[in-house]
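For reference, the chains in residue letters:
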Amino acid sequence: MTHDHPDTVARAVSRPFGRLLTAMVSPFTPDGSLDLDGAARLATHLVDEQGNDALVINGTTGESPTTTDAEKERLIRAVVEAVGDRAKVVAGVGTNDTRHTIELAAAAEKAGAHGLLVVTPYYNKPPQSGLLRHFTAVADATGLPVMLYDIPHRSGVPIDTETLVRLAEHGRIVAVKDAKGDLTATSWVTSRTALAFYSGEDALTLPALAVGSVGVVGTSTHFTGALTAQMIEAYDAGDMPAALALHRRLLPLFTGIFRTQGTILVKAGLASLGLPAGPVRPPLVDATDDEIAQLRADFAAAGLELPE
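None of these values were measured; they are calculated from a predicted model.

Conventions and cut-offs
Residues numbered from 1 in each chain as written. Predicted model: local features only at pLDDT ≥ 70, side-chain atom pairs only at ≥ 80, totals over all residues. Heavy atoms only, no water. Pairing = 2+ DSSP bridges. Helix = DSSP H or I, 4+ residues; strand = E, 2+ residues; numbered from the N terminus. Axes fitted to C-alpha atoms, helices over the stretch in contact; angles between N-to-C directions. Salt bridge = Lys/Arg side-chain N within 4 Å of Asp/Glu carboxyl O. Buried < 20%, exposed > 50% of the residue type's maximum accessible area, 1.4 Å probe, protein only. Parallel < 35°, antiparallel > 145°, perpendicular 65-115°, else oblique. Left-handed = near helix turned anticlockwise from the far one by under 90°. Contact = heavy atoms within 4.5 Å. Nonpolar A, V, L, I, M, F, W, Y, C, P; charged D, E, K, R; others polar. UniProt positions renumbered as here; feature names shortened; annotations may be inferred.

(A) Quick look at the sheet that holds strand β5 (residues 146–150). The eight strands lie next to each other as β1-β2-β3-β4-β5-β6-β7-β8, forming a closed barrel whose pairing is parallel. On average, adjacent strands in this sheet sit at an angle of 25 degrees to one another, irrespective of strand direction. In the sheet, strand β3 (residues 88–92) pairs with strand β4 (residues 115–119) via three bridges, with the strands oriented parallel. Bridge assignment links A91 to a residue of β4, and that residue is L116.

(B) Structural view of the pattern of salt bridges. Here the structure, examined in full by the defined rule, presents 13 salt bridges. Two residues, R19 and D236, come together in a salt bridge whose shortest N-O distance is 3.2 Å. Residue R19 is found in the loop between α1 (6–12) and β1 (20–23), and its partner D236 is found in helix α10 (residues 221–236); the two are separated by 217 residues along the sequence. For R19, a relative accessible area of 27% gives the class partly exposed. The partly exposed category is assigned to D236, whose relative accessible area is 38%. Through salt bridges with shared partners, a single ionic network connects R15, R19, E233 and D236.

(C) Expanded view of the packing of helix α4 (residues 98–110) against helix α5 (residues 128–140). Remark: α4 packs on α5, axes separated minimally by 9 Å, with the N-to-C direction vectors making an angle of 25 degrees. With respect to their mutual orientation, α4 and α5 come out roughly parallel. For the crossing formed where α4 meets α5, the hand is right-handed. Taking contact as the criterion, the partners of T98, T101, I102 and A105 in α4 are, on α5, H134, A137 and V138. For the contact of α4 with α5, the class distribution of residues is four nonpolar, three polar and no charged.

(D) Local environment of unusual backbone geometry. A cis amide bond, omega 15 degrees, links P282 with the succeeding residue P283. Examined against the element boundaries, P283 turns out to sit in the loop between α12 (262–272) and α13 (289–301). In this structure, N58 is a non-glycine residue whose phi angle is positive, near 65 degrees. Phi angles above zero are rare outside glycine, and E63 is one such case at about 60 degrees.

(E) Just the side chain of H134, in detail. Mapped onto the secondary structure, H134 falls in helix α5. Look past the residues within four positions of H134 in its chain and what remains in contact with it is T95, D97, T98, T101, V118, V119 and P121.

(F) Representation of the UniProt feature "site: Part of a proton relay during catalysis" (unreviewed entry) in the protein in the model. Per the UniProt annotation, the sites labelled "site: Part of a proton relay during catalysis" (unreviewed entry) are T60 and Y123. Residue position: T60 is located in the loop between β2 (54–57) and α3 (69–83). For T60, the contacting residues outside a window of four places in its chain are R154 and T263. Locating Y123 in the fold gives a position in the loop between β4 and α5. With residues up to four places along the chain from it excluded, the contact list for Y123 reads N96 and S155.

(G) Looking closely at the UniProt feature "binding site: pyruvate" (unreviewed entry) in the protein. Taken from the UniProt record, the annotation "binding site: pyruvate" (unreviewed entry) applies to T61 and V217. For this annotated set, covering 157 residues, all C-alpha atoms fall within 10.9 Å of each other, a compact arrangement in space. Considering the arrangement of structural elements, one finds T61 in the loop between β2 and α3. Excluding its chain neighbours within four sequence positions, the residues that come into contact with T61 are A23, M24, V25, S26, T219, H222 and T263. What makes V217 buried here is its relative accessible area of 1%.

Set out below in structure tokens:
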């Protein structure tokens, strides 16, 4: 029997984008152009077969650094049309230019997105006051709910706890994709705000739930989605042994999908399963035979099959 503090219960059920989200790859045709029909089919698979409550489109896994603004808008429209009646579509719009980010946010809203993912500005390393100004400006310019994306190992700058607490005061900043890998910092923010934290690292989903997170924005969840959803449901139901067993079972894929850059192996795995993927765009490179063989072994270790 569990004895939950009422505030904990209220916060635990605040899941603006559901529990399970996948940062979807952007399928391309063999010549590297955008495959909108493939995007619609993949989105349908991820929602109907893998149990995703929402999909992140135009994230880094979706090769946002190498898709044009026009391609991004077309992708959102295609996915909203395919699954928007039964899943949320969250558009990645973050750049290291506040003005460009606001333009992408407006385009995403017009294209029918249900929410926005806004990454910390990368490479130009703004101070915390700059982050506060950037995220607030984007949230002020849109009518959509915003998920901040805190990923200092890519952006170069963390969103500090005090900055997150201040950003939480904005009515449209409702969630965080948390790829900081600092569960102590996560604990402080989830204890001081109503921000819905989503683990941005597949393997940290279960421990993140234990400190107040509500779900995951995953990469391996292209393949592990249904089982990851079961893990979260088991945790919610208080069945820790079941949740831990699923965490341990899926660990080889939670981590194995990142043996090289995640998009590369997701696209290789999807291709092996006959699902839309296509090649990656440079500077990424397609998976080698050895990498695909290792991925197949990681699937097997997780009790899943990746066909030859």
